[in-house]
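Below are the chains, spelled out letter by letter.
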2 protein chains.
Amino acid sequence: MSQLENFPIAELSVGLSKTYSKTLTEKDVILFAACSGDVNPVHLDKAYAATTPFGEPIAHGMWTGALVSAAIATQLPGPGSVYRSQSLNFKHPVKIGDTVAVTLTISEIKERVKLITLDCEAHNQDGKLIAKGVAEVIAPSEKQIIAAPVLPEIVIG
Amino acid sequence: MSQLENFPIAELSVGLSKTYSKTLTEKDVILFAACSGDVNPVHLDKAYAATTPFGEPIAHGMWTGALVSAAIATQLPGPGSVYRSQSLNFKHPVKIGDTVAVTLTISEIKERVKLITLDCEAHNQDGKLIAKGVAEVIAPSEKQIIAAPVLPEIVIG
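Below is a summary of the structure that appears in this document. All values derive from a computational prediction rather than experimental measurement. (Residues numbered from 1 in each chain as written. Chains lettered and ligands numbered in written order. Predicted model: local features only at pLDDT ≥ 70, side-chain atom pairs only at ≥ 80, totals over all residues. Heavy atoms only, no water.)

Moving on: the side chain of T64(B). Here T64(B) is to be found in helix α4 (residues 61–74). Judged by its relative accessible area of 2%, T64(B) falls in the buried class. (Helix = DSSP H or I, 4+ residues; strand = E, 2+ residues; numbered from the N terminus. Buried < 20%, exposed > 50% of the residue type's maximum accessible area, 1.4 Å probe, protein only.)

See the structure below:
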């Protein structure tokens, strides 16, 4: 993704839907743990995870929350959005190598205050529901088409 | 933190409260962006952020969500917990160098299904409310006192 394009309030309508997908890597799990301090061994320690009902390391539930945030920031409504609230029900674990697709669908628009409500659903590559919830976002006023920031190289080692 | 100790269901009571704190670094913002793909320039690009009402780069809202996850995983109830749901209202931005303290307080216990409800509040170093919400977690059955996983070194290049 080299450009980010937003949908300002004037371009939004109920039912508009966008999807953002990402495949979970072991590196993603380590980076999420590092930036949050969530060192739950069920995510990081294969031997420990093997003793749990999951049997193997799983993603932090809130990693799916981070994907919802990415979907809002990069897809709908995109840059210039202000995140107001999020609810999430975690339904199914995500394992290393799983691809999670977050679909956002506008369910309500309060034009006067530019507040939009988004139904959020995350499914894995097998169509299994990973998480669902609702986001509230202040939509941008102005159209923006901007270069996506390029992240520096990150080496784990 | 070298050890993680959990509170199994038998040790939990309504009103029990624990706090987890973390100071936001620029590195945390980059790692959160990398593991999620949320490259919203308001978090990553000083020049862009200066054009927004925030004036400078702010944390991803869901970074505070990740801290709530860390608080559940490391403090209350700790390892062996299963995250069921989370709601969050984002109230105030977090800037680089801010210290965010997440306080979890048990508001309800459904003993039969081991489901606990936690009131979640995040404040910054000035006592300003950053975010608040409610988490539902399946509490662990068994006591665990385990070594906290040690993360590998992460170098941003």
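The rest of the description comes next.
Further remarks concern the relation of the copies chain A and chain B. Each of the two chain copies can be brought onto the other by rotation about an axis and movement along it. With an RMSD of 0.1 Å, the fit of chain A onto chain B corresponds to turning through 180 degrees and sliding 0.0 Å along the axis. When the rotation and shift are considered jointly, the pair of chain copies conforms to a two-fold rotation axis. Distance from the rotation axis, computed per C-alpha, reaches its smallest value in chain A at S87(A): 2.0 Å. With an isologous cut-off of 70% or more, the 100% of interface residues of chain A that recur at the interface of chain B puts this contact in the isologous class. (Least-squares fit on C-alpha atoms with pLDDT ≥ 70 in both. Contact = heavy atoms within 4.5 Å.)

Time to look at the sheet that holds strand β5 (residues 115–123) of chain A. As summarised here, the arrangement of the 10 strands in space is β2(A)-β4(A)-β5(A)-β6(A)-β3(A)-β3(B)-β6(B)-β5(B)-β4(B)-β2(B), forming an open sheet in which the pairing is antiparallel. Two strands lie at the open edges of the sheet, namely β2 (17–23) of chain A together with β2 (17–23) of chain B, each paired on one side alone. In this sheet, neighbouring strand axes are inclined to one another by 20 degrees on average, regardless of whether the strands run parallel or antiparallel. Of the strand pairs in this sheet, β2(B) and strand β4 (residues 99–110) of chain B are connected by 7 bridges, and their pairing is antiparallel. By the bridge assignment for β4(B), K18(B) is matched with L104(B). In this fold helix α1 (residues 26–36) of chain A packs onto β2 of chain A together with β2 of chain B, with an angle of close to 100 degrees to the strand it touches most, β2(B). Against the sheet, α4(B) engages β3 (82–90) of chain A together with β2, β3 (82–90), β4, β5 (115–123) and β6 (129–138) of chain B, with an angle of about 140 degrees to β3(B). (Pairing = 2+ DSSP bridges. Axes fitted to C-alpha atoms, helices over the stretch in contact; angles between N-to-C directions.)

Two numbers describe how α1(A) lies on helix α1 (residues 26–36) of chain B: the axes approach to 8 Å, and their chain directions differ by 150 degrees. As far as their axial angle goes, α1(B) and α1(A) are roughly antiparallel. Like other packed secondary-structure pairs, α1(A) and α1(B) cross with a definite hand, here left-handed. Across the interface between the two elements, D28(A), L31(A), F32(A), A34(A) and C35(A) from α1(A) touch D28(B), L31(B), F32(B), A34(B) and C35(B) from α1(B). (Parallel < 35°, antiparallel > 145°, perpendicular 65-115°, else oblique. Left-handed = near helix turned anticlockwise from the far one by under 90°.)

Two faces, one strand: in a regular strand the side chains alternate between the faces of the sheet. Taken together, the 8 bridges between β3(A) and strand β6 (residues 129–138) of chain A define a ladder with antiparallel strand orientation. Bridge pairing in β6(A) links Q86(A) to A135(A). The sheet contact formed by β3(A) and β3(B) spans 5 bridges and is antiparallel. Of the residues in β3(B), the one forming a bridge with N89(A) is S85(B).

This paragraph deals with the interface of chain A and chain B. The partner chain B presents 50 residues to the 50 residues of chain A that form the contact. When chain A packs against chain B, close to 4200 Å² is buried across both sides, 67% of that on carbon and sulfur atoms. When the area that chain A buries against chain B is broken down by residue, the three leading residues are C35(A), M62(A) and L151(A), summing to 15%. Applying the counting criterion to the chain A and chain B interface returns 0 salt bridges. (Buried area = accessible area lost by both parts, 1.4 Å probe. Salt bridge = Lys/Arg side-chain N within 4 Å of Asp/Glu carboxyl O.)

Residue and element names in this part refer to chain A. According to the stated counting rule, one finds 10 salt bridges over all chains in the structure shown. In this structure, K143 and E5 form a salt bridge, with 2.9 Å as the shortest nitrogen-oxygen distance. Note that K143 is positioned in the loop between β6 and β7 (145–147) and E5 in strand β1 (residues 3–5), a separation of 138 residues in sequence. For E5, a relative accessible area of 43% corresponds to the partly exposed category. Residue E56 is joined to K95 by a salt bridge in which the shortest nitrogen-to-oxygen separation is 3.6 Å. Here E56, found in the loop between α3 (46–50) and α4 (61–74), pairs with K95, found in the loop between β3 and β4 (99–110); they are 39 residues apart in sequence, far enough to count as distant. When its relative accessible area of 36% is taken as the criterion, E56 is described as partly exposed.

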